[in-house]
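Residue-level structure breakdown
Here's the letter readout for the chains.
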Amino acid sequence: MTVVEPSPSPIVLDSIAEVREASRRARAAGQTIGLVPTMGALHEGHARLIDACRARCDHVVVSIYVNPTQFGPGEDLDRYPRTLEADLAICRERGVDVVFAPKDREMYPQGTIATKIEVGAAGTILEGAIRPGHFQGVATVVLKLFGIVVPDRAYFGRKDFQQQLIIRKMVDDLNVPVLIEVVPTVRERDGLALSSRNRFLDPEDREAATVLFWALERAKSVVKRGERNAERVAEVLAETIEAESRATLDYAVVVDAETLETKPTIVDPARSAALVAARFGAVRLIDNTLLA
Ligand code: AMP
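Residues numbered from 1 in each chain as written. Predicted model: local features only at pLDDT ≥ 70, side-chain atom pairs only at ≥ 80, totals over all residues. Heavy atoms only, no water.

**A word on the environment of Glu235**
Residue placement: Glu235 occurs in helix α10 (residues 230–242). Classification of Glu235 as partly exposed rests on a relative accessible area of 35%. In sequence terms Glu235 and Asp78 are 157 residues apart; their C-alpha atoms lie 35 Å from each other. A polar contact of 2.8 Å, which involves the side chain of Glu235, links it to the side chain of Arg232. (Helix = DSSP H or I, 4+ residues; strand = E, 2+ residues; numbered from the N terminus. Buried < 20%, exposed > 50% of the residue type's maximum accessible area, 1.4 Å probe, protein only. Polar contact = N/O pair within 3.5 Å; in protein donor to acceptor, adjacent residues only side chain to side chain.)

**A closer look at the pattern of salt bridges**
Once their charged atoms are close, side chains differing in charge can pair, the charge on each being opposite to the other. Evaluation of the coordinates by the stated rule reveals 24 salt bridges. The partner of Asp152 in a salt bridge is Arg27, with the nearest N and O atoms 3.0 Å apart. Here Arg27 lies in helix α1 (residues 16–28) and Asp152 lies in the loop between α6 (134–149) and β5 (153–157), a separation of 125 residues in the sequence. Judged by its relative accessible area of 29%, Asp152 is partly exposed. Since its relative accessible area comes to 35%, Arg27 is described here as partly exposed. Here Arg131 makes a salt bridge to Glu75, at a shortest N to O gap of 2.6 Å. In this pair, Arg131 is assigned in the loop between α5 (127–130) and α6 and Glu75 in the loop between β3 (59–64) and α3 (84–93), connecting sequence segments 56 residues apart. (Salt bridge = Lys/Arg side-chain N within 4 Å of Asp/Glu carboxyl O.)

**Points about the packing of α6 against helix α7 (residues 161–173)**
It is the contact of α6 with α7, at a shortest axis distance of 10 Å, that shows an interaxial angle of 55°. The angle between α6 and α7 places the two elements in the oblique class. Crossing angle aside, the handedness with which α6 passes α7 is right-handed. The segment α6 lies against α7, with Phe135, Val138, Ala139, Val142, Leu143 and Phe146 engaging Gln162, Gln163, Ile166, Ile167, Met170 and Val171. Along the lines of polarity and charge, the residues of the contact of α6 with α7 split into 10 nonpolar, 2 polar and no charged. (Axes fitted to C-alpha atoms, helices over the stretch in contact; angles between N-to-C directions. Parallel < 35°, antiparallel > 145°, perpendicular 65-115°, else oblique. Left-handed = near helix turned anticlockwise from the far one by under 90°. Contact = heavy atoms within 4.5 Å. Nonpolar A, V, L, I, M, F, W, Y, C, P; charged D, E, K, R; others polar.)

**Some words on the site of the ligand**
Taken together, 17 residues form the shell around the ligand, and within it Met39, Gly157, Asp160, Val186 and Leu194 come nearest. His46 is positioned such that a nitrogen or oxygen atom in its side chain is 2.9 Å from an oxygen atom of the ligand. At 2.9 Å, a backbone N or O of Leu194 approaches a nitrogen atom of the ligand. Notes on the ligand: free accessible area 490 Å², of which the protein chains cover 93%. Looking at the shell around the ligand, the elements that each hand over two or more residues are β2 (33–38), α2 (44–56) and β5. Residue contributions to the shell around the ligand peak at 3 residues, all from α2. Of the residues contributing to the shell around the ligand, the split by class is 8 nonpolar, 7 polar and 2 charged. (Near = heavy atom within 4 Å. Areas by Shrake-Rupley, 256 points an atom, 1.4 Å probe, with all protein chains shown as cover.)

**Re the layout of surface pockets**
If you roll a probe as big as a water molecule over the atoms, it shows you where there is empty space left. Its volume calculated, the second largest pocket comes out at about 350 Å³. Ile64, Val66, Arg82, Ala101 and Pro102 are, among the 16 residues lining the second largest pocket, the residues nearest its centre. Split into classes, the residues belonging to the lining of the second largest pocket amount to 9 nonpolar, 2 polar and 5 charged. (1 Å grid on protein atoms, 1.4 Å probe; cavity = no way out; pocket = protein on both sides within 12 Å on 5 of 7 lines; lining within 4 Å. Points joined across faces, edges and corners; volume = space filled by probe spheres on them.)

**Structural notes on the domain arrangement of the protein chain**
One can read the domain layout of the protein chain as domain 1 (11–183) and domain 2 (196–290). A straight line from the C-alpha centre of domain 1 to that of domain 2 covers 26 Å. Opposite the 23 residues of domain 1 that make contact, domain 2 presents 18 residues. Both sides of the domain 1 and domain 2 interface together cover about 1800 Å² of buried area, and 58% of this is carbon and sulfur. Interface area lost by domain 1 to domain 2 is led by Leu126, Glu127 and Phe161, which between them contribute 32%. (Domains from an automatic or database assignment. Buried area = accessible area lost by both parts, 1.4 Å probe.)

Right, here's the structure in full:
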């Protein structure tokens, strides 16, 4: 008979001082520390980040914090799903050591902070154009989390393409001693990228939303067949998404995967990314792929 040991529950902490102390102890014991920043409502995509972190780091910290400073007025801050009990179950299954789930008053005791990370041009296009200030909020809270957890490595999903690029740039520009690991996008069987917002899609929109994946696949295949005109590939993306009557296209672009710059010609498909965003009813979804 195999006896399955129940995994120990993660320690759930809401104070910065306690998280620091847990990291200090781990470090003193010679352990490496890994951080997976999340906003909760965890799904298999987050779980894959946790697995990657667990495989490489001794002390695994997951932060669950719906950071208000990355939401604009009228965005879904109040409606963002909060599912702490289910999140903790996933963290337990995946062997997380510490869950840091702070309240706003712990992260922003004065309600706001004066110092903010300026992320440059990459933060003002695409998602940044539609959500002004979003990436400043993200970069600032991520740097705060790095200062609290003091991780050796931190794990981000390629699903949020612009976000991982901006975080890698911040770490590089400011010589932050944290290694950024980027994990491929986890998808449903029909191709839809997992997202905490998918639960808000009504059944017809849920089905229609797979068009994002198919548009990206079509773009990849035209590039594979030799198309190197970036604008033509962007047209293929847009045409595919616009053919779905339930989708309202926000953008469909082909960019340099390291700089987000638009270039007329795709020189290296592996260094080019297709990024799309569209709305299905009230739900806004993003997706992307590298073109090789
Ligand atoms: P969020 O909780 O949405 O802020 O996401 C937390 C982290 O999980 C981010 O680094 C996301 O890029 C990553 N993530 C979200 N969805 C997925 C997915 N479907 N596949 C891989 N990573 C994901």
